[in-house]
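# Structural overview for review
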Amino acid sequence: AAGVIQSPRHLIKEKRETATLKCYPIPRHDTVYWYQQGPGQDPQFLISFYEKMQSDKGSIPDRFSAQQFSDYHSELNMSSLELGDSALYFCASSISRGPYEQYFGPGTRLTVT
Amino acid sequence: AQSVTQPDIHITVSEGASLELRCNYSYGATPYLFWYVQSPGQGLQLLLKYFSGDTLVQGIKGFEAEFKRSQSSFNLRKPSVHWSDAAEYYCAVGKKTSYDKVIFGPGTSLSVIP
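Treat the numbers as computed from the prediction; the structure is a model and nothing was measured.

### With respect to the interface of chain A and chain B
Listed as interface residues are 23 residues of chain A and, on the opposing side, 21 residues of chain B. Summing both sides of the interface, chain A and chain B together bury roughly 1700 Å²; the carbon and sulfur share of this comes to 60%. At the junction of chain A with chain B, the criterion picks out 2 salt bridges. Across the pair Asp 56 of chain A and Lys 101 of chain B runs a salt bridge whose closest N-O atoms are separated by 3.0 Å. Counting residues per element, the ones that place at least two in the side of chain A that touches chain B are β4 (31-37), β5 (44-50), β6 (53-57) and β9 (87-94) of chain A.

### Here we look at the nonpolar core
Counting 26 residues, the largest nonpolar core has Leu 19, Trp 35, Leu 47, Leu 48, Phe 74, Leu 76 and Tyr 89 of chain B as the members making the most contacts within it. For this core, the secondary-structure elements that each account for two or more residues are β2 (10-14), β3 (19-21), β5 (32-38), β6 (45-50), β8 (64-68), β9 (73-78), β10 (87-94) and β12 (108-113) of chain B. Top contributing element to this core by residue count: β10 of chain B, with 4 residues. Setting aside anything within four residues of it in sequence, one finds Tyr 89 of chain B in contact with Gln 6, Leu 21, Trp 35, Tyr 36, Val 37, Leu 47, Phe 63, Leu 76, Gly 107, Thr 108 and Leu 110 of chain B. With 22 residues, the next largest nonpolar core counts Ala 19, Ile 26, Leu 76 and Ala 87 of chain A among its residues.

### Re the state of the cysteines
Under the criterion given, the structure shown has 2 disulfides over all chains. Across the disulfide, Cys 23 of chain A is cross-linked to Cys 91 of chain A (sulfur-sulfur distance 1.7 Å). The S-S bond linking Cys 23 of chain A to Cys 91 of chain A shows a torsion near -55°; that makes this disulfide left-handed. Of the two residues, Cys 23 of chain A sits in strand β3 (residues 19-24) while Cys 91 of chain A sits in strand β9, which places them 68 residues apart along the sequence. The pair formed by Cys 23 of chain A and Cys 91 of chain A is uniform in burial state, with each residue classed as buried. With a sulfur-sulfur separation of 1.9 Å, Cys 23 of chain B is cross-linked through a disulfide to Cys 91 of chain B. Where Cys 23 of chain B bonds to Cys 91 of chain B through sulfur, the torsion about that S-S bond is close to -65°, and the disulfide is left-handed. With a gap of 68 residues between them, Cys 23 of chain B in the loop between β3 and β4 (24-26) and Cys 91 of chain B in strand β10 connect regions that are remote in the sequence.

### What to know about the environment of Ile 47 of chain A
Residues and elements named next belong to chain A. Along the chain, Ile 47 falls in strand β5. Since its relative accessible area comes to 3%, Ile 47 is described here as buried. Remark: the alpha-carbon pair of Ile 47 and Phe 64, spanning 17 residues in sequence, is separated by 10.0 Å. When sequence neighbours within four positions are dropped, the list of residues in contact with Ile 47 reads Val 32, Tyr 33, Trp 34, Gln 54, Asp 56, Lys 57, Gly 58, Ile 60 and Ala 66.

### Digging into the environment of Thr 30 of chain B
One can find Thr 30 of chain B in the loop between β4 and β5. Of the residues examined, Thr 30 of chain B reaches a relative accessible area of 18% and is grouped as buried.

### Observations concerning the sheet that holds strand β1 (residues 5-7) of chain A
Residue and element names in this part refer to chain A. On the basis of which strands lie adjacent, the open sheet formed by 4 strands has the order β1-β3-β8-β7 and antiparallel pairing. Either end of the sheet is taken by a strand with one partner, and the two such strands are β1 and β7 (64-68). For this sheet, the mean inter-axis angle between neighbouring strands, taken without regard to orientation, is 15°. Looking at chain direction, β3 and strand β8 (residues 74-78) are connected through 5 bridges and run antiparallel. Residue pairing in the sheet places Leu 21 in a bridge with Leu 76 of β8.

Rules used throughout
Residues numbered from 1 in each chain as written. Chains lettered and ligands numbered in written order. Predicted model: local features only at pLDDT ≥ 70, side-chain atom pairs only at ≥ 80, totals over all residues. Heavy atoms only, no water. Contact = heavy atoms within 4.5 Å. Buried area = accessible area lost by both parts, 1.4 Å probe. Salt bridge = Lys/Arg side-chain N within 4 Å of Asp/Glu carboxyl O. Helix = DSSP H or I, 4+ residues; strand = E, 2+ residues; numbered from the N terminus. Core = buried A, V, L, I, M, F, W, Y, C linked by side-chain atoms within 4.5 Å. Buried < 20%, exposed > 50% of the residue type's maximum accessible area, 1.4 Å probe, protein only. Disulfide = S-S within 2.5 Å. Pairing = 2+ DSSP bridges. Axes fitted to C-alpha atoms, helices over the stretch in contact; angles between N-to-C directions.

The structure is reproduced here in structure tokens:
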């Protein structure tokens, strides 16, 4: 079965650089979520989109922005990267009509040096 | 606000022994409840979920969990642990609405002794 695809899987950036993470949801899934998992931490919700509109917002820094496109894929844009942004970034997708369980992608490991 | 607590930060069990991981949640209504497993450096895999109905739910890899409304708990169990079960286990709660985030607990790290 198709799963959530995230690219790239690994990314190394320097401080103050920008990064773009991509997420391709499972076919027919219309809702996308972004989570950040710092070292030794549990995943923290960043932001979600439903039908290309932002549906919820969590602890996402102002330096980050995201959007969902007409094909339902989503991109997380991160600017002015800081060392503390080093983390595993997960994308998840679900079907808005239910049963609402989220399927997670393998994650993008971002390292900021 | 929703929250999830997992009282045990780390648990060590012998291979073949039974396992129970505790999870308590705080939510104003009946939530959706999940258990995810994460192996080192890997993504999150859904073990099982509870939405409604039978309070004892079966999941993959021989895991089961029981929803107890009176105790606000959703403990994960396995009768016989395998060495490959060593991983981080996260209990999570979600609202009964569409496109809503999942709140994760702090996780329980499971080590398995051969």
